Amino acid sequence: MDGKVAAVQMRDITKSFGPVVANDKVWLDIYKGEILALLGENGSGKTTLMNMLSGIYFPDEGKIYVDGREVVIRSPKDAFDLGIGMIHQHFKLVDVLTAAENIVLGLPGRGRLDMRAVAAKVREISGRYGFEVDPMQKVYDMSVSQKQTVEIVKVLYRGADILILDEPTAVLTPQEADKLFAVLRSMRDDGKAIVIITHKLHEVEELSDRVAILRRGHFVGDMPTAKTNAMEMTNMMVGRPVTLNIERPQPKDPQPRLEVKDLTVRDEDGVLKLDKVSFTAYSGEILGVAGISGSGQKELLEAIAGLHRAEGGSILYLDAQSGEPEELIGKDPRDISDMGVALSFVPEDRLGMGLVGDMDLTDNMMLRSFRRGKGFFTDRKGPHKLAERVVEELDVNTPSIETPVRRLSGGNVQKVLVGREISSAPTVLLTAYAVRGLDINSSYTIYDLINKQKERGVAVIYVGEDLDVLLELCDRILVLCAGRVSGLIPGRGATKRRVGLMMTKLGGGAEDE
Amino acid sequence: MFDFVSFIPRAVAQGVPLMLGSTGETLTQKSGNLNLGLPGVMYVGAICGVIGSFMYETNTAAESMNGFLAVSIPLICCLAGSLLMGLLYCFLTVTLRANQNVTGLAMTTFGVGFGNFFGGSLIKLTDSEVPSIALSATSGYFKASLPFAGDLGWFGRIFLSYGMLAYVAVAIALSCAFFLRRTRAGLNLRAVGEDPATADAAGIDVTRYKYKATCIGCMIAGLGGLYYVMDYASGVWSNDAFGDRGWLAIALVIFTMWRPGVGIFASILFGGLYILYLFIPTGMDLAVKELYKMLPYLVTIAVLIIVSLRKSRENEPPRHLGLAYFREER
């Protein structure tokens, strides 16, 4: 490694959580003026390794050198003092405070705060790297990408020379991601060391100078990005050759199942969330819904499921056998779900809607079926059997059926939720963020489940965040932009750039055709 | 003609205990602790002050009483008593993570009982005819206003006729407002109440901030109890006389939308509404008087409705209010 100066050297780092070894004698070098991509499946120990650098965890064994000196990092504060800053996947910002207030939070200094001086320094940092931040803007008024910018400025304000970003693009539109990459490159040119943790191989190829790969807690190898390719990286990550394709069978005998016409929805505050949205969902096809978060995806699904009052328009459900149309608006959510419309919504905190964290698997299955019991007492046997079946078929990793759902890991919680919804043999399956935060293998299990439903002739409406997946999985993609339909395009042949433009601008991306 | 010159001083005297109580509670709530034990804390503060001054007054001859001691002994007793209540509350809710509502309600019950028990005991000790203790000498020191205030006509009566604790209350409220808005520690405290996980990640010691804010808040509130006995009630303690002022102070916190500066005016307004019925000629019709007594509560309800109609993130309670923080929780 000629001419490069190591900012951080990690040697023989080992960390275990109980019986699980998250990192086993890992070696990693991070150089100044270089962007390092840290690759690996979920659970391969990337985040754990970086958390040890940023002071969240403490290594069991091994040594860390910063600028050639051996250091001990016990807390995030120690890490800051060494110039190491990490931007976590979930932003750590206080909503009611301004950007500048969030940035100086917890910093030592004179008792009296001079917000003007802080704002000036924030502007100075932003100017240097080309950020767009208004120091006096409140965080709750910000978009996701603005929040991320604040997080980055926060780290730079603390004088960080080594930046770690954990899946920074997971929540960004392609255009926002490009902007972030430009900023990261200009920071690299400024001599800073940058590590990004990601699953997305094309980002690795586009942005990074060097890749390091972890597999099940072991360091597999590193190489200059220019000398490798996606196939090789994936094989190193998984440890065996894999194909990275999601199946997409042609829809069989598509029949209109759900006709949405001029649907208009306002939220509790009277803000227009959906404005005259019209589309038709067919049986045996997956209709993807894309959009920047908060563009009305949630309201759309809730309106169809009867959980949100529609202000105007109509939602017609066409019966699978007779083809008789029936109006869903004004119907009780229970009647709608009895008709075969199932909703599985995975909110940001994964539990919130659909599952009760403190109840066990059987009880959560009962949430759907408790009305069915005869007489005064509930029937627990059926739900118990169903829970056992879901655990077996979907390979849910749980100590027992009696374990509270809250204790399961994210992927398993989602399998339980999706499994329960599918078990009711729906004719329309609404799913939102089904693979939120899941690793590659679990995600593929869920895609398989959804594809199986499609083959059964279910009309699937799939709201997703990851455009790459939407483009590979869905037969058609409905793009929402600020509550209006920006376009409805076939999934086969759609490009990410075009969908991205449509997400940010009504009818955007048309010039690409 | 409505008699403002005599109305305002009485409204202020009514308002000061509420002001101290609500300032203390605001500080506490900013750390995310919803201390419903406030009425109990104010009771304990009052009775501790009474015990201190009772000891001093009964053991010292009237002519040899020292003004400084007569004020500082009850003051220190009051602060110590309310500090202990604050520590108890924090130990239960922050360290042991007990439910804040249950803890608070239990502490109110405890504090009121504590006050009445010791109040009753002191009354027994004095063998007096009436069920109360009069600490008029101590009260004289607490109530002392500037000597020339009486010569300044209406100005003196409205602005200068109060005992020193009233001015202390205003000073505390103003400094709390400054602390929360303009200082680093105040910013950190607000972050703790809004989002302790974020504060923790930024290197703020959440537990220490919660303890400090709650204990100092309790001490401020305790002073409200002391003011009530020593100044407003002229040193006369009788059981249950403090009434529901503690709850009103908590209502004031919501009324002022967690702003101690606004609390100064709001508490005087409440004090005024509390006694308005005395100043409005209602004749012999007692029912009308009772209607006027409802005013403070009606205004609270009206304000709550207006505030919730005007949705603004700044006027909302601290987001993590009432919830315990545990770092490992997912």
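Predicted model only: the values in this text are computed from it and were never measured.

Quick notes on the overall build of chain B
Next, step 1: For chain B, the count of helices and strands is 14 helices and two strands.
Next, step 2: Radius of gyration (C-alpha) of chain B: 20 Å, near the 20 Å computed for a compact globule of 330 residues.
Next, step 3: Along the three orthogonal principal directions, the C-alpha set of chain B runs to about 60 × 50 × 40 Å.
Next, step 4: Burial status across chain B gives 51% buried among its 330 residues.
Next, step 5: Contacts spanning at least 24 positions in sequence make up 78% of the contacts within chain B whose residues lie at least 6 apart.

Thoughts on the overall build of chain A
Next, step 1: When you go through chain A residue by residue, the secondary structure sums to 16 helices and 20 strands.
Next, step 2: The C-alpha atoms of chain A give 25 Å as radius of gyration, which agrees with the globular expectation for 513 residues (24 Å, within 12%).
Next, step 3: The dimensions of chain A, computed from C-alpha atoms along their principal axes, are 75 × 50 × 50 Å.
Next, step 4: Looking at chain A as a whole, 53% of its 513 residues are labelled buried.
Next, step 5: Partitioning the intrachain contacts of chain A with sequence separation of at least 6 by distance along the chain shows that 65% fall at a separation of at least 24.
Next, step 6: Of the accessible surface of chain A, which amounts to about 22,800 Å², a share of 48% is contributed by carbon and sulfur atoms.
Next, step 7: Counting 66 positive and 75 negative side-chain charges, chain A places the centres of these two groups 2 Å from one another.

Some words on the nonpolar core
Soluble, globular proteins show a tendency: their nonpolar side chains are buried together.
Next, step 1: Judged by nonpolar contacts, the single largest core of 60 residues is most densely connected at A:Phe131, A:Ile152, A:Leu163, A:Leu184 and A:Met187.
Next, step 2: If near-sequence neighbours (up to four positions away) are discounted, A:Leu184 is found in contact with A:Ile35, A:Leu165, A:Ile194, A:Ile196 and A:Leu207.
Next, step 3: In terms of nonpolar packing, the next biggest core, distinct from the first, is built from 47 residues, B:Tyr43, B:Ile172, B:Leu226 and B:Tyr227 among them.

A look at the packing of helix H2 (residues 38-59) of chain B against helix H3 (residues 67-95) of chain B
Residue and element names in this part refer to chain B.
Next, step 1: At a minimum axis distance of 7 Å, the contact between H2 and H3 shows a crossing angle of 145°. Helix-helix and strand crossings are classified by hand; for H2 and H3 the assignment is right-handed. Seen from H2, the contacting residues are Gly40, Val41, Val44, Gly45, Cys48, Gly49, Gly52, Ser53 and Tyr56; seen from H3, they are Leu69, Ala70, Ile73, Pro74, Cys77, Cys78, Gly81, Ser82 and Met85.
Next, step 2: Here the contact of H2 with H3 is composed, by residue class, of 11 nonpolar, seven polar and no charged.

Considerations on helix H9 (residues 297-305) of chain A
Next, step 1: Across the nine residues that make up H9(A), a large majority, eight, are buried.
Next, step 2: Looking only at H9(A), the buried set comprises A:Gln297, A:Glu299, A:Leu300, A:Leu301, A:Glu302, A:Ala303, A:Ile304 and A:Ala305.

Side note on the environment of B:Thr256
Residues and elements named next belong to chain B.
Next, step 1: Within the secondary structure, Thr256 sits in the loop between helix H11 (245-255) and helix H12 (260-279).
Next, step 2: Note: C-alpha distance between Thr256 and Tyr292 (36 residues apart in sequence) is 22 Å.
Next, step 3: The residues contacting Thr256, other than those within four sequence positions of it, are Val262, Gly263 and Ala266.

Quick look at the domain arrangement of chain A
Next, step 1: Its domain assignment divides chain A into domain 1 (6-238), domain 2 (251-342 + 426-513) and domain 3 (352-424).
Next, step 2: Relative to domain 2 of chain A, the C-alpha centre of domain 1 of chain A lies at a distance of 34 Å.

What to know about the packing of aromatic side chains
Next, step 1: Per the stated rule, a full pass over the model turns up 13 aromatic pairs over all chains.
Next, step 2: Taken together, a centroid distance of 5.8 Å and an interplanar angle of 85° make the contact between B:Tyr43 and B:Phe242 edge-to-face. Placement of B:Tyr43 in helix H2 and of B:Phe242 in the loop between strand E2 (236-237) and H11 is noted, with a sequence separation of 199 residues between them. There is no split in this pair, since B:Tyr43 and B:Phe242 are both buried.
Next, step 3: Centroid distance B:Phe155 to B:Phe159: 5.1 Å. Interplanar angle 40°. Geometry classified as tilted. In this pair, B:Phe155 and B:Phe159 are both assigned in helix H6 (residues 153-159), four residues apart and thus about one turn of the helix distant.
Next, step 4: Its relative accessible area of 44% is what places B:Phe159 among the partly exposed residues.
Next, step 5: Three or more aromatic residues joined by ring pairs form one cluster here, namely B:Tyr43, B:Tyr228, B:Tyr232, B:Trp237 and B:Phe242.
Next, step 6: Directly above the aromatic system of A:Phe58 lies the positively charged group of A:Arg74, at a separation of 4.6 Å from the ring centroid.
Next, step 7: Positioned above the aromatic ring of A:Tyr157 is the side chain of A:Lys121, whose terminal nitrogen or guanidinium carbon lies 4.4 Å from the ring centre.

A look at a nonpolar patch on the surface
Next, step 1: On the surface, B:Leu146, B:Phe148, B:Leu152, B:Trp154, B:Phe155 and B:Phe159 cluster together into a nonpolar patch covering about 620 Å² of accessible area.
Next, step 2: Note on B:Phe148: relative accessible area 42%, which makes it partly exposed.

Section: unusual backbone geometry
Next, step 1: Phi at A:Lys276 is positive, roughly 50°, even though this residue is not glycine.
Next, step 2: Within the fold, A:Lys276 resides in strand E12 (residues 272-282).
Next, step 3: For A:Lys276, a relative accessible area of 55% corresponds to the exposed category.
Next, step 4: Although it is not a glycine, B:Trp258 adopts a positive phi angle of roughly 60°.
Next, step 5: Relative to the helices and strands, B:Trp258 is located in the loop between H11 and H12.
Next, step 6: For B:Trp258, a relative accessible area of 7% translates into the label buried.

Regarding the sheet that holds strand E5 (residues 69-71) of chain A
All names here are of chain A.
Next, step 1: An order of E2-E1-E4-E5 is seen for the four strands of this open sheet, with the pairing classed as antiparallel. The open sheet has two free edges, formed respectively by strand E2 (20-31) and E5, since each of these has just one partner strand. Geometrically, the sheet is characterised by an average inter-axis angle of 25° between neighbouring strands, direction not taken into account.
Next, step 2: The pairing of strand E1 (residues 6-17) with E2 spans eight bridges and is classified as antiparallel. Its bridge partner lying in E2, Lys15 is registered against Asn23.

What counts, and at which threshold
- Each chain carries its own residue numbering, running from 1 in the written order of its sequence.
- Ligands are numbered from 1 and chains lettered from A, in the order in which they are written.
- Only residues with pLDDT of at least 70 get local features here, since the model is predicted, and only at 80 or more are side-chain atom pairs given and counted; chain-wide, interface and lining totals rely on the full set of residues.
- By convention in this description, side-chain values take in all heavy atoms of the structure and omit both hydrogens and water.
- The helix count covers DSSP runs of H or I at least four residues long, the strand count covers runs of E at least two residues long, and both are numbered beginning at the N terminus.
- Each radius of gyration reported is based on C-alpha atoms, and the globular scaling rule is 2.2 Å times the count of residues to the power 0.38.
- The cut-offs for exposure are 20% and 50% of the maximum accessible area for each residue type, with area from a 1.4 Å probe on protein chains only; residues under the lower value are buried, those over the upper are exposed, and the others partly exposed.
- Contacts are assigned to residue pairs with any non-hydrogen atoms lying within 4.5 Å of each other.
- To measure how exposed things are, a 1.4 Å probe is used in the Shrake-Rupley method; for residues, cover is taken only from the protein chains shown.
- In this tally Asp and Glu are treated as negative and Lys and Arg as positive; neither His nor the chain ends contributes.
- Note on charges: their place is set at NZ of Lys, CZ of Arg, CG of Asp or CD of Glu.
- Throughout, nonpolar core names a set of buried Ala, Val, Leu, Ile, Met, Phe, Trp, Tyr and Cys residues whose side chains join them through atoms within 4.5 Å.
- Note on definitions: angles span 0 to 180 degrees between N-to-C directions of axes, and those axes are lines fitted to C-alpha atoms, for helices only across the stretch in contact.
- Crossing handedness follows the turn of the near helix against the far one: under a right angle anticlockwise gives a left-handed crossing, and clockwise gives a right-handed one.
- Polarity classes work like this: nonpolar for Ala, Val, Leu, Ile, Met, Phe, Trp, Tyr, Cys and Pro, charged for Asp, Glu, Lys and Arg, and polar for all others, with Gly in that last group.
- Domain start and stop positions are those given by an automatic or database domain assignment.
- Aromatic pairs are defined between Phe, Tyr and Trp rings, using the six-membered ring for Trp, whenever the two ring centres lie within 6.5 Å; interplanar angles under 30 degrees are classed as stacked, those over 60 as edge-to-face, and all others as tilted.
- Any Lys NZ or Arg CZ that is within 6 Å of a ring centre and within 35 degrees of that ring's normal is treated as a charge sitting over the ring.
- To count toward a patch, a residue needs a relative accessible area above 30% and no salt bridge. Like charges then connect within 9 Å, nonpolar side chains (Val, Leu, Ile, Met, Phe, Trp, Tyr) within 5 Å.
- In what follows, salt bridge is the name for a side-chain nitrogen of Lys or Arg lying within 4 Å of a carboxyl oxygen of Asp or Glu.
- Strands are labelled as partners when DSSP assigns at least two bridges between them.

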